[in-house]
Amino acid sequence: MTRRTHIFFVLIISITLTRLAPAAFPSYRASYATHDDEISCADAIRYLTERISEFGDIDHTNAAYKIMRQATTDSVSFHTCLDMAEKAYGDPDSPQHDDSKLIPFLEEALRLPVLNRSEKERIGFLLEMARKNRPGTKAADFAFDNRDGTSGTLHGLPTDRRILLIFYDPDCNHCHETFDKIMRTEFPEPIRIVAIDAEYDRMLWEASASSLPAEWTVGFAADPVQDEDIYILTTMPTLYLLDRGKTVILKDTTLPHIMSELDPAE
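This text gives an overview of the structure that appears in the document. (Residues numbered from 1 in each chain as written. Predicted model: local features only at pLDDT ≥ 70, side-chain atom pairs only at ≥ 80, totals over all residues. Heavy atoms only, no water.)

**Observations concerning unusual backbone geometry**
Among all residues save glycine, negative phi is the norm, and among peptide bonds the norm is trans. Backbone torsion omega between Met 236 and Pro 237 reads -5 degrees, so that peptide bond is classified as cis. As for its position among the elements, Pro 237 is in the loop between β5 (217–221) and β6 (238–242). In this structure, Asn 133 takes a positive phi of about 50 degrees despite not being glycine. Mapped onto the elements of the fold, Asn 133 is located in the loop between α7 (117–131) and β1 (143–146). Even without glycine at this site, Asp 252 takes up a positive phi of about 45 degrees. (Helix = DSSP H or I, 4+ residues; strand = E, 2+ residues; numbered from the N terminus.)

Here it is as C-alpha cells:
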C-alpha cells in the first residue's frame, strides 16, 4: 500500500466513525454512510439529477453550491448530498464520472461550517485528487526507465496515436487481470499502451517487465510520481486515456469507458 493510499483509507475510516446519526434519507443513508458499495452509481445519479432539476435552468456548478447550502441545517442531509456526488461523479465506474462535476460539491463543502477536522482533511484530499490531471488538461510529465535500459518521458513519446496510460504494481493481482483483458481487447484504432510501475521495488519490476507484450512501452517511474503528487493513485491499476498531444481525455477510468470513447457507436 502506498503512502497516499494509506492516508486515503485512514481518512475514510475517520470520517465513517463520525457519522452515526439517524437517517434523514433512509433509502440511501443506511448503506452509504460508511462509504460501502451497496448504493449504485445509477441511484446516486438519479438522486442528484432530481435535485439539480429543482433549480430549473441553472448551470451545474451553481446547482451544486445550492444543494450543499440548502443541506447545512441538517448534518446528515449534508453528508448524504456529498456522498451522492462522490458516487455519481467520483466513482470510476459511474457513467457520469467527471471531476468537473464533483469539484463544486467538494469546494462548497469545505466553505460551509459543517465538516469537522477529519472530514475536511478527507474532502480536501478528494479535491486535490480531482483537480490534478483533469480531462482537457495536459497530463503531467514524468520520467521513466524502459525495460531495454533506455529512458524516456511521457511528453517525449511519439504523437502518432492516442495513449492508454496504465499505472500499475507488479505485485497486484487486479493489475494482471486488467492486463489480460487489455491484451484480449480489439481496439478500434491503433493505441499506444504505456504501462508504468509507479511503486518502489525496482527489482520486482525488472523481474516481471518482460512478461508484458513486447509492443507495449513498459517503464519504471524515475520521478517519484506518487511522493511528489504528480499523480495521485489510490488504486492499482489506474488508467488514463490521452490524446496524441498528451492531453487527458479520460482520467482514472475503466476499460469499458475507454472503448466507448474510442468507438462511440459501440
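**Examining the sheet that holds β6**
Spatially, the seven strands line up as an open sheet ordered β2-β1-β5-β4-β3-β6-β7, and their pairing is mixed. The outermost strands of the open sheet, each flanked by one partner alone, are β2 (151–153) and β7 (248–253). Mean inter-strand twist for the sheet, computed between neighbouring axes without regard to direction, equals 30 degrees. In the sheet, strand β3 (residues 162–168) pairs with strand β4 (residues 191–197) via seven bridges, with the strands oriented parallel. By the bridge assignment for β4, Ile 163 is matched with Arg 192. Strands β3, β4 and β6 of the sheet are contacted by helix α8 (residues 173–184), whose axis makes an angle of about 155 degrees with β3. (Pairing = 2+ DSSP bridges. Axes fitted to C-alpha atoms, helices over the stretch in contact; angles between N-to-C directions. Contact = heavy atoms within 4.5 Å.)

**Notes on the pairing of β7**
Counting buried positions over the six residues of β7 gives five, a clear majority of the element. Between β6 and the antiparallel strand that follows it, β7, lie five residues; Lys 246 among them carries a positive phi value of about 75 degrees. (Buried < 20%, exposed > 50% of the residue type's maximum accessible area, 1.4 Å probe, protein only.)

**As for the packing of aromatic side chains**
All told, the structure shown has 10 aromatic pairs when counted by the stated rule. An aromatic cluster of at least three residues, connected via ring pairs, comprises Phe 142, Phe 144, Phe 167, Tyr 231 and Tyr 240. The ring of Tyr 65 carries Arg 111 above its face, with NZ or CZ at 4.9 Å from the centroid. (Phe/Tyr/Trp six-rings, centres within 6.5 Å; stacked < 30°, edge-to-face > 60°. Lys NZ or Arg CZ within 6 Å of the ring centre and 35° of its normal.)

**Overview of the pattern of salt bridges**
One pass over the full model with this rule turns up 14 salt bridges. We note a salt bridge from Arg 161 to Asp 160, for which the minimum N-O separation is 3.5 Å. For Arg 161, a relative accessible area of 28% puts it in the partly exposed group. The class of Asp 160 is partly exposed, set by a relative accessible area of 43%. Between Glu 206 and Arg 202 there is a salt bridge; the shortest N-O distance is 3.1 Å. With a gap of four residues between them, Glu 206 and Arg 202 both fall in helix α9 (residues 202–208), about one helical turn apart. (Salt bridge = Lys/Arg side-chain N within 4 Å of Asp/Glu carboxyl O.)

**Brief notes about the packing of helix α4 (residues 60–70) against helix α5 (residues 75–90)**
At a minimum axis distance of 9 Å, the contact between α4 and α5 shows a crossing angle of 150 degrees. Every residue of α5 that contacts α4 at His 60, Ile 67 and Met 68 is listed here: Phe 78, Cys 81, Leu 82 and Tyr 89. Here the residues of the contact of α4 with α5 sort into six nonpolar, one polar and no charged. (Nonpolar A, V, L, I, M, F, W, Y, C, P; charged D, E, K, R; others polar.)

**Section: the nonpolar core**
In this structure, Phe 142, Leu 164, Leu 165, Phe 167, Tyr 168 and Tyr 231 are the most contacted members of the largest nonpolar core, which totals 43 residues. Here this core gets six residues from one element, more than from any other, and that element is β3. With near-sequence residues (within four places) excluded, Tyr 168 lies in contact with Cys 175, Phe 179, Ala 195, Ile 196, Asp 197, Ala 198, Glu 199, Trp 205, Leu 212, Val 218 and Met 236. Counting 32 residues, the second largest nonpolar core, distinct from the first, contains Tyr 47, Leu 82, Leu 102 and Ile 123. (Core = buried A, V, L, I, M, F, W, Y, C linked by side-chain atoms within 4.5 Å.)

**Some details on α8**
For α8, which comprises 12 residues, the first-to-last C-alpha distance of 17 Å matches the rise-based estimate of 16 Å (1.5 Å per residue) to within 8%. When α8 is considered as a whole, its buried residues turn out to be Cys 175, Thr 178, Phe 179 and Ile 182. Looking down the long axis of α8, one finds its buried residues gathered within 105 degrees of arc, a one-sided arrangement. Facing away from the buried side of α8, by more than 90 degrees, are the exposed residues Asn 173 and Arg 184. Among the structural elements, β3, β4, β6 and α10 (255–262) are those in contact with the buried residues of α8. (Expected span 1.5 Å × (residues − 1). Arc of directions from axis to C-beta.)

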